[in-house]
Amino acid sequence: MTKKSIGSLISNLVICAVVVIVFAVSFAPNALTVSNGDNPIYKGNSENKVSLMVNVYWGTEYIPEMLDIFSRYGVKTTFFVGGMWACENEAILKDIYAAGHEIGNHGYYHKDHKKLDYNRNKEEMEITHKVVKSILDYDMKLFAPPSGSYGNVTLQVAEELGYKTIMWTLDTIDWRDQDESLIIKRATEKITGGALVLMHPTKATVSALDRILAAITQKGLAVAPVSEVIQTLQISL
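Notes on the structure follow.

1. Re the overall build of the protein chain
Looking only at helices and strands, the protein chain has nine helices and eight strands in total. Per-residue burial over the protein chain gives 51% buried out of 237 residues. Taking all contacts inside the protein chain whose residues are at least 6 apart in sequence as the whole, residues at least 24 apart take part in 79%. With an accessible surface of roughly 11,100 Å², the protein chain has 51% of that area assigned to carbon and sulfur atoms.

Shown next, in the form of structure tokens:
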């Protein structure tokens, strides 16, 4: 690693550390009234578009190959990134964004948001937003709660921060089952327009990705970022 790259890494880590400290101090506990917030989105209304939403908090080594495969198919999709991951992987985050993919918020520490109070929910989302903004100069609009765990407080905070909470229509469960055939089946067997397919950067997912994209194409569907797939829900993005 060159002195320049080391300096860039240290500079980014310092920025991330400062952001964490500032927000940790800012969100001191206080009494708050909680509303139900906005409803999460499980599926879009597009008739011919689907999204392969990639949640990223680990598996960094598999992302370059995923990007190559998406590029070969001319696909743009959505990567939901963890804030801590973004701090530690600035270069690959920039590669994802430079390839034209949409970036979404996946919280900072990969916490169970249903168990977090208002302040901790806000801290997780807002710190991650600030980190990605500092790296990409990009304002994220979509939030995918880690493990799909959310409560009314989570939905309220997301809405207040200008986020739409995104769940999924189909889950490959690739983080648990490293079985290419099973991942392909879960991603494509019941897929229809508007589907949001959850996946992660794993070895088995990368191996299955070509066949997933081919199967989606054969069904007359196109892969697109989440924001495009849910656009017909008349959501302001």
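2. Remarks on the nonpolar core
Leu52, Phe79, Trp85, Ile103 and Ile212 are the most contacted members of the largest nonpolar core, which has 51 residues in total. Among residues more than four places away in sequence, those in contact with leucine 52 are Phe70, Thr77, Thr78, Val197, Met199, Leu209, Ile212, Leu213, Ile216 and Val223. Listed in part, the 12 residues of the second largest apolar core include Ile166, Leu196, Ala224 and Val229.

3. Section: the packing of aromatic side chains
On inspection of all chains with the given rule, the structure shows three aromatic pairs. Arranged with centres 6.2 Å apart and planes meeting at 85°, the rings of phenylalanine 70 and phenylalanine 79 form a pair that is edge-to-face. You'll find phenylalanine 70 and phenylalanine 79 in the same group, each marked buried. When the ring of tyrosine 97 is compared with that of tyrosine 138, the centres are 5.1 Å apart and the planes differ by 55°; the resulting orientation is tilted. Separated by 41 residues along the polypeptide, tyrosine 97 in helix 4 (residues 90-98) and tyrosine 138 in the loop between helix 5 (118-136) and strand 4 (142-143) bring together distant segments of the chain. Under the relative-accessibility criterion, tyrosine 97 is labelled partly exposed at 32%.

4. Side note on the pairing of strand 1 (residues 49-56)
The buried count for strand 1 comes to seven of eight residues, which makes it a mostly enclosed element. As paired strands, strand 1 and strand 8 (residues 222-223) are joined by two bridges and run parallel to one another. Along strand 8, the bridge assignment pairs valine 50 with valine 223. Across four bridges, the pairing between strand 1 and strand 7 (residues 196-199) is parallel.

5. Some thoughts on the pattern of salt bridges
Under the counting rule described, the total for this entry stands at 11 salt bridges. Arginine 120 serves as the salt-bridge partner of glutamate 123, at 2.4 Å between the closest nitrogen and oxygen. Here glutamate 123 and its partner arginine 120 are both found in helix 5, three residues apart, which amounts to about one turn of the helix. Ionic contacts of the salt-bridge type, sharing partners, join the residues Arg120, Glu123 and Glu124 into one network.

Conventions used here
- Residues numbered from 1 in each chain as written.
- Predicted model: local features only at pLDDT ≥ 70, side-chain atom pairs only at ≥ 80, totals over all residues.
- Heavy atoms only, no water.
- Helix = DSSP H or I, 4+ residues; strand = E, 2+ residues; numbered from the N terminus.
- Buried < 20%, exposed > 50% of the residue type's maximum accessible area, 1.4 Å probe, protein only.
- Contact = heavy atoms within 4.5 Å.
- Areas by Shrake-Rupley, 256 points an atom, 1.4 Å probe, with all protein chains shown as cover.
- Core = buried A, V, L, I, M, F, W, Y, C linked by side-chain atoms within 4.5 Å.
- Phe/Tyr/Trp six-rings, centres within 6.5 Å; stacked < 30°, edge-to-face > 60°.
- Pairing = 2+ DSSP bridges.
- Salt bridge = Lys/Arg side-chain N within 4 Å of Asp/Glu carboxyl O.

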